[in-house]
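Structural overview for review
Residue-level listing of the chains:
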Amino acid sequence: MRLYEFEAKEVLRRARVPLPKSVMARTPEEAETAASEVGGPVVLKSQVLSGGRMKAGAIKFAEDGAGARAATAEILGITVNGQQSVGVLVEERRDVAQEYYAAVTWDGRAKRPVIIFSDMGGIDIEEVAEQHPEHLSRTHFSNLAPLSDYQAKVAVSRVGVTGNDLGPLTRIVAALVKVFVERDMTLAEINPIGKLADGTFVALDSHMDMEQEARGTHADLLRSLGIPDEDTRMARPPTEFEIAGAKVNDADTRGVAGNITEFDGNLGLIIGAGGGSLTLFDAVRAAGGNPANYCEIGGNPSVAKAAALTKLVLSKPGVDKIAVMMNVVSNTRADMMARGIVKGVIEAGYDPAEKIAIFRIPGSWEEEGFAILRKYGVEFVDRSVSMHEAAARAVAKMAGT
Amino acid sequence: MSILIDENTTFIIQGITGREAVSMTREVLDYGSKVIGGVTPGRKGRNVHGVPVEDTVRAFTERERVDASVVAVPPAFATDAVFEAIEAGIKLVIIVTERIPRKQVAQFVEYADQHGARIIGPNCLGVISPGKSRVGGVGGAAESTRRAFQPGVVGVMSRSGGMTVEISNALSEAGLGISTAVSIGGDAIIGSTYAELMPLFDADPATKGIAIYSEPGGQAEAQLADYMRSSGSNLPVVAFMAGRFMDAMPGMRFGHAGTIVEGRADTTAEKIERMEAAGIRVAERIEDIPRFLKERIG
């Protein structure tokens, strides 16, 4: 989950990383007050979960409160790569002599965290890596050895930084490493670190991503930053339908029946599990179908959970039929899925034979499952019909609706 | 032949008294696997379907040979369980548990490296060498497992547990069968990647071809492409790429934890291009996998 710049900077402030003075403003009026609080010329930066703010015109400069107010009114109306602004960070403007880049992230091949450091900050780091490799260092560190500042020192020193600059830059990078490790980040980046005319350093912009799986571990931090549990930080906020799907999944702890994402098609999907859902969603689209939703069922959810998910999908306006499909299942019981889904269709007031376009859940307890489906006249197939073929049959049935 | 496990492999299940682990125990016993014990702290002296339970891993390793352990404990206890298994000298640790933060995964992967142990997973269903043994729940009930996994010539590696079964089933129905299938796990960091398991398949005389299931996110496919170019491997590899729809939806989360796209190189389009450039054939449909492999294996 991505943090906004103002949140990432708060994390840095607590880690004693030097920062320019800044105040968060949600309205033009707040920005005017904030500008006088900060004092002097300010930079106004849109708070969005996306890069490319400068290009989009979502970063502006002002000399005083009135200018800050006007600029903020403009910035709040600008979306950046489709992302809505949640406010403007009003920050003191500093004259920068040189810019540096520092980041800590995971190297999935080495299976270790890596410190990336450059004395060419402020520009696209991929470009630096390609065109000026001598200005960029990559320093892996152990997950088992105790954290030690020398790793940060090595990263900074490798691009040629020495003398009076080495100490303060090492301290900033070491603090960033500590935040990355202690707060389960997948990316902790400061770009740029600015060297000011007086020789001191400040973090001018920061981007942090926390691992989704670790949100629970860092509930204290998220609470203190004012981030509510339901704030998913995805590319768009969850729809009501998706929030209802999360509730279905949370109703009991057995298995998964949720992870719903809303689409605007007419074919409801009850599909699983992790990889099966990705495969089947592609298969429906490849066959020319229009999915109404993405979802995941797996890990042997209860009958009640499968029924609730089915009812939810059927409640979505525009859903004509549902397709129930999974890969050959191991730990999920095909009979419990059949019972739950048929129950959900009936409780929603429909005839399972008419509403279920196809049922393909082969594997454990499939004979018992087939017996239930036969009783209700639902069309089902076994593992001899491929996932792609099953998806194509469901799509073909939609032609008449 | 097979890789990682065979008919003599002995193993324990950590977290054996959990609901899903109890069913897994029944299923691996029915399949004929040599599960010799289970560990749940405080449950020493009990048994699960006749399999003895102890409080510690060492209680087993001190009295008999233990080749592998399946870790099926809740995420909060998983790291501790893996360290215990490695420290007790177990050389193959298969982690079923999902939702372990990657920092902890990286810690026990590094610890395993230091101790010459191999990790499969986390977030996987295990390893099966059809007709010999199954370590983990992959395939479910024994009868359904025998049908989906028939002994044969294809090595399977999959980032999805469910798709390990689906693809193996397609290979079995096509008459090719499986040498060993490995559910490698769906997380961003895993103990053994495709490229790290390839040398084992290359050295296995029973394996004549490879089928892999891949997804958006991570470097595993690029690493495999590099391996195929540099290793001189003669095995034909067919890959299936799921989640193609995700390329158009950056910033949204679908599927496994590992599918999160963190850069352009993580998209399916980029992965397909890299794999094809390295001679890996990419299938559009599951049923194409056995067809493409048959063209090469004959």
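1. Some words on the packing of helix α2 (residues 28-38) of chain A against helix α3 (residues 65-75) of chain A
All names here are of chain A. The contact between α2 and α3 brings their axes to 8 Å, and the two run at 145°. Here α2 and α3 pass one another in a crossing that is right-handed. Taking contact as the criterion, the partners of Pro28, Glu29, Ala31, Glu32 and Ala35 in α2 are, on α3, Gly65, Ala66, Ala68, Arg69, Thr72 and Ala73.

2. Description of the sheet that holds strand β9 (residues 133-135) of chain B
Residues and elements named next belong to chain B. Read across the open sheet, the seven strands follow the order β9-β8-β11-β10-β12-β13-β14; overall the sheet is mixed. Two strands in the sheet have a free side with no partner beyond their single neighbour: β9 and β14 (281-283). Here the average twist between neighbouring strands, direction ignored, is 20°. As paired strands, strand β10 (residues 151-158) and strand β11 (residues 178-183) are joined by five bridges and run parallel to one another. Opposite serine 158, over in β11, you have serine 183 as the bridge partner. Across the sheet, helix α6 (residues 161-173) lies against β10, β11 and β12 (209-214), angled at about 165° from β11, the strand it touches most. On the sheet, helix α10 (residues 288-297) packs against β10, β12, β13 (237-241) and β14 and is oriented at approximately 150° with respect to β14.

3. Details of the pairing of strand β6 (residues 112-118) of chain A
All names here are of chain A. Burial analysis of β6 places six of its seven residues in the buried class, which makes it a mostly covered element. Relative to β6, strand β5 (residues 96-107) is paired through seven bridges, and the arrangement is antiparallel. Bridging from a neighbouring strand, valine 104 pairs with isoleucine 115 of β6. Here β5 folds back onto β6 in antiparallel fashion, the turn holding four residues, of which lysine 111 has a positive phi close to 60°. Where β6 and strand β7 (residues 136-140) come together, five bridges link them in antiparallel fashion. Pairing of isoleucine 115 across the sheet is with threonine 139, part of β7.

4. Focus on the interface of chain A and chain B
By a widely used convention, the size of an interface equals the accessible area lost when the partners come together. Listed per partner, the contact involves 50 residues of chain A and 64 residues of chain B. Both sides together, the interface formed by chain A and chain B hides about 4,500 Å², and carbon and sulfur atoms give 54% of it. Taken together, the connections running from chain A to chain B amount to eight salt bridges. Across the pair B:Glu110 and A:Arg112 runs a salt bridge, and its minimum N-O distance is 3.4 Å. Counting across the interface, chain A meets chain B through 26 residue pairs in polar contact (both at pLDDT 80 or more). Of all the elements in the fold, those that place two or more residues in the side of chain A that touches chain B are α6 (166-182), α9 (274-286), β13 (293-298) and α14 (387-398) of chain A. Broken down by element, the side of chain A that touches chain B gets its largest block of residues, eight residues, from α9(A). Its residues assigned to classes, the side of chain A that touches chain B shows 14 nonpolar, 19 polar and 17 charged.

5. A few points about the environment of B:Glu270
All names here are of chain B. Mapping glutamate 270 onto the fold places it in helix α9 (residues 268-277). For glutamate 270, a relative accessible area of 17% gives the class buried. For the pair formed by glutamate 270 and glycine 243, sequence separation is 27 residues and the distance between their alpha carbons is 13 Å.

6. Some details on the domain arrangement of chain B
All names here are of chain B. Examined at the domain level, chain B breaks down into domain 1 (1-123) and domain 2 (150-298). Just the C-alpha atoms count here: the centres of domain 1 and domain 2 sit 26 Å apart. Tallying the contact residues gives 15 residues for domain 1 and 23 residues for domain 2. Together domain 1 and domain 2 conceal approximately 1,500 Å² of surface at their shared face, both sides included; 57% is due to carbon and sulfur atoms. Broken down residue by residue, the surface that domain 1 buries against domain 2 is led by Ile3, Arg102 and Asn123, which jointly contribute 40%. The interface formed by domain 1 and domain 2 holds zero salt bridges in total.

7. With respect to the sheet that holds strand β5 (residues 68-71) of chain B
Residue and element names in this part refer to chain B. Within the open sheet, the seven strands sit side by side as β3-β4-β2-β1-β5-β6-β7. Their pairing is mixed. One side of each edge strand has no neighbouring strand; the edge strands of this open sheet are β3 (47-48) and β7 (118-120). As judged from the two bridges shared by strand β2 (residues 34-39) and strand β4 (residues 51-54), these two strands associate in the parallel manner. By the bridge assignment for β4, valine 39 is matched with glutamate 54.

8. A word on the nonpolar core
By size, the foremost hydrophobic cluster in this structure holds 87 residues, and its most contacted members are A:Ile322, A:Met325, A:Ile341, A:Phe359, B:Leu171, B:Phe254 and B:Ile289. Looking at this core element by element, the count peaks at seven residues for helix α11 (residues 334-347) of chain A. The residues touching A:Ile322, leaving out its near neighbours within four places in the chain, are A:Leu267, A:Gly268, A:Ile270, A:Thr310, A:Val313, A:Leu314, A:Ile341, A:Val345, A:Lys355, A:Ile356, A:Ala357 and A:Ile358. Counting residues in hydrophobic clusters, the runner-up holds 68 residues, among them A:Val161, A:Leu169, A:Phe180 and A:Ala203.

9. Digging into the pattern of salt bridges
Taken as a whole and assessed by the stated rule, the structure comprises 51 salt bridges over all chains. Taking the shortest distance from any N to any O, the salt bridge between A:Arg109 and B:Asp226 comes out at 2.9 Å. Residue A:Arg109 is located in the loop between β5 and β6, and its partner B:Asp226 is located in helix α8 (residues 220-230); the two belong to separate chains. A residue is classified by how much of its surface remains accessible, and B:Asp226, at 30% relative accessible area, is partly exposed. Notably, a salt bridge pairs B:Arg19 with B:Glu20, separated by 3.9 Å at the nearest N-O pair. In this structure B:Arg19 comes out as partly exposed when scored by relative accessible area, which is 48%. Here B:Glu20 falls in the partly exposed class, since its relative accessible area comes to 31%. Linked by salt bridges that have partners in common, A:Glu5, A:Lys9, A:Lys45, A:Arg53, A:Glu91 and A:Asp205 make up one network.

Criteria and thresholds
- Residues numbered from 1 in each chain as written.
- Chains lettered and ligands numbered in written order.
- Predicted model: local features only at pLDDT ≥ 70, side-chain atom pairs only at ≥ 80, totals over all residues.
- Heavy atoms only, no water.
- Axes fitted to C-alpha atoms, helices over the stretch in contact; angles between N-to-C directions.
- Helix = DSSP H or I, 4+ residues; strand = E, 2+ residues; numbered from the N terminus.
- Left-handed = near helix turned anticlockwise from the far one by under 90°.
- Contact = heavy atoms within 4.5 Å.
- Pairing = 2+ DSSP bridges.
- Buried < 20%, exposed > 50% of the residue type's maximum accessible area, 1.4 Å probe, protein only.
- Buried area = accessible area lost by both parts, 1.4 Å probe.
- Salt bridge = Lys/Arg side-chain N within 4 Å of Asp/Glu carboxyl O.
- Polar contact = N/O pair within 3.5 Å; in protein donor to acceptor, adjacent residues only side chain to side chain.
- Nonpolar A, V, L, I, M, F, W, Y, C, P; charged D, E, K, R; others polar.
- Domains from an automatic or database assignment.
- Core = buried A, V, L, I, M, F, W, Y, C linked by side-chain atoms within 4.5 Å.

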